[in-house]
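Residue-level structure breakdown
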Amino acid sequence: MSDPVRVRFAPSPTGYLHVGGARTALFNWLYVKRHGGTLVLRIEDTDAARNTPEALAAILDGLRWLGISWDEGPEVGGNYGPYFQSQRNDIYDRYLQKLQDTGHVYEDGGSIRFRSPKVPVTVHDQVCGDITIDRSHEPDMTLRRPDGSYIFHFVNVVDDIEMAITHVIRGEDHLMNTPKHIELFQALGAPIPVYAHIPLFQNADGTKMSKRDQGASVVSYQDNAFLPAAVVNYLCLLGWSPKDDREKLTVEEVVALFDWDHINRSPSKFDYNKCLWLNSQYLAELDEAEFLRLATNWSNEHVPALAAQANEALTAALLLCKPKLKQLPELAEHLTMIFDDEAPLEETGRTKVAAQPNGQGNLAILTSHLKAVTDWTADHIQAAIQAAAGEAKVKPGAMMFPLRLLLTGAGHGVDLLPALVLVGQDAVLRRIDQRLRLIFPD
RNA sequence: GACCUCUUCGUCCAGCGGUUAGGACACGGCACUUUCACUGCUGUAACACGGGUUCGAUUCCCGUAGAGGUCGCCA
């Protein structure tokens with residue numbers, strides 16, 4: 001029997017949950033699920049000045065939203081707590097004493113430094129391979145500040161020892177820290193965990209992703225009502241591959257395949273567009289009830305004006321929108337086109353229709369046919385359009401674009417016939433009349 | 001500047017000592033749809049450069065260039 005697998009994700013609650021951090025958490029989680037083990041969530045909040053409860057809440061909330069659950073840590077407890085570094089000072093004191101007793105540290109202007117062995121250190125990294133780093137000419141690292149507070153490297157290693165961590169999966173930005181950490185493990189006589197450093201994300205233009213960049217913050221996906229499964233799927237595809245042609249995979253499928261040799265070594269640029277595409281794929285396969293639940297929630301929250309709409313009308317409209325959506329927020333635009341008589345008229349469409357030969361006359365013919373419909377159903381409306389086209393001597397298809405524009409103000413959108421039915425004859429004729437005057441002012 | 005890592009279509013990801021170098025996003029075309037989309041089919045598009053090793057290198061080695069990371073009493 002080998003030791004039980006214990007991996008940890010150790011965020012610092014200083015800002016927000018970065019999508020790169022989320023991916024690191026995800027890979028830790030995937031590893032645990034793949035090999036069986038325990039995921040420890042440890043909060044590295046030693047820098048009191050920069051930590052906020054809001055940031056912590058955002059991190060926990062973001063992880064939960066993505067479905068990344070932890071077995072030990074904040075809110076769930078565990079046998080290796082406390083899981084906040086700010087509460088572990090006595091442990092750090094004890095470990096520092098060990099180093100003092102064995103002569104590994106020395107005092108320097110009130111701070112405590114580690115006496116580095118000054119020999120090259122080889123990191124056996126599961127992703128990057130063996131990397132030997134010689135930092136013998138660099139200054140000794142500080143472990144404790146004059147005010148008694150501890151430095152990241154020290155607490156990080158002490159906690160990994162104390163929490164019996166066996167695998168460290170973290171961003172490549174930590175690769176050059178690893179020799180320092182290995183020196184500490186050795187000085188403390190503790191086994192060195194298995195390391196895996198995973199490549200970082202970049203913006204599409206190759207620059208570093210920071211908070212304000214599109215897609216950088218997990219909250220932005222929550223705010224835009226992405227489906228977590230889609231985001232997780234996309235995150236898995238960045239830097240990892242099933243090694244076949246699959247793009248859309250469930251987490252279960254990823255778990256079954258997750259391993260080091262599937263992880264890429266080069267940094268990847270974040271393609272928000274592809275993430276959006278995956279979201280549309282997941283959205284499309286939602287069943288009606290689930291879609292309506294999500295869509296109704298979203299529209300109630302973001303388009304409160306629709307509260308006045310009858311439930312059946314709203315439901316019908318939402319279902320009409322479903323096949324068009326890449327993401328839920330597009331609902332706002334579609335619903336406005338359906339329900340708002342005064343939705344703005346698209347300029348490019350206006351110009352196009354205004355320029356059509358005989359446009360005004362043809363649309364007058366169409367209007368009169370629509371007016372004459374006595375039973376306002378899709379079949380009868382279609383017949384009316386056909387008849388109007390015949391009389392105007394144009395193809396029925398040529399009637400569709402102008403009609404769409406007159407109905408919704410836009411040249412694209414939901415399926416036209418059902419939309420006409422939904423809006424109702426009176427409102428349709430009213431809108432046609434209004435917008436016709438905008439298009440042909442004379 | 002020093003050290004570490006990386007380099008296949010615009011992007012993500014496969015691949016391999018001999019392939020018409022494959023898939024996906026994006027983009028274009030066609031079909032379907034009397035509309036908008038979806039979908040299907042299809043097209044454009046890549047092995048950073050220079051040396052080796054080899055019968056043969058995109059694939060292995062070395063160098064160059066470019067990119068990223070790290071060089072804190074931040075985490």
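The text that follows walks through the structure, step by step, so that each part is easy to find.

Criteria and thresholds
Residues numbered from 1 in each chain as written. Chains lettered and ligands numbered in written order. Predicted model: local features only at pLDDT ≥ 70, side-chain atom pairs only at ≥ 80, totals over all residues. Heavy atoms only, no water. Helix = DSSP H or I, 4+ residues; strand = E, 2+ residues; numbered from the N terminus. Buried < 20%, exposed > 50% of the residue type's maximum accessible area, 1.4 Å probe, protein only. Pairing = 2+ DSSP bridges. Axes fitted to C-alpha atoms, helices over the stretch in contact; angles between N-to-C directions. 1 Å grid on protein atoms, 1.4 Å probe; cavity = no way out; pocket = protein on both sides within 12 Å on 5 of 7 lines; lining within 4 Å. Points joined across faces, edges and corners; volume = space filled by probe spheres on them. Nonpolar A, V, L, I, M, F, W, Y, C, P; charged D, E, K, R; others polar. Disulfide = S-S within 2.5 Å.

**Focus on the environment of Pro139**
Topologically, Pro139 is positioned in the loop between strand 6 (129-133) and strand 7 (142-144). Separated by 46 residues in the primary sequence, Pro139 and Phe185 place their C-alpha atoms 19 Å from one another.

**Side note on the environment of Gly424**
Checked against the element boundaries, Gly424 lands in the loop between helix 17 (416-423) and helix 18 (425-439). Gly424 gets classed as buried once you look at its relative accessible area, which sits at 16%. Spatially, the C-alpha atoms of Gly424 and Thr377 are 9.3 Å apart, while their sequence positions differ by 47 residues.

**Observations concerning the sheet that holds strand 4 (residues 111-114)**
Spatially, 3-4-7 is the arrangement adopted by the three strands of the open sheet, whose pairing is antiparallel. The open sheet has two edge strands with one neighbour each: strand 3 (105-108) and strand 7. Direction aside, neighbouring strands of the sheet carry axes that sit 40° apart on average.

**Quick word on the layout of surface pockets**
For the largest pocket, the calculated volume is near 1,200 Å³. Around the largest pocket, the lining comprises 41 residues; the ones closest to its centre are Ala10, Pro11, Ser12, Asp173 and His174. For the lining of the largest pocket, the secondary structure elements donating two or more residues are strand 1 (6-9), helix 1 (19-35), helix 4 (152-162), strand 8 (167-171) and strand 10 (201-202). Here the lining of the largest pocket gets five residues from one element, more than from any other, and that element is helix 1. When the residues that make up the lining of the largest pocket are grouped by side-chain class, the tally is 14 nonpolar, 18 polar and nine charged.

**Details of the state of the cysteines**
Scanning all chains against the criterion turns up zero disulfides. Here Cys236 is not cross-linked by a disulfide; its sulfur's nearest cysteine counterpart is in Cys275, at 11 Å. Taking relative accessible area as the criterion, Cys275 reaches 0% and is therefore assigned buried.

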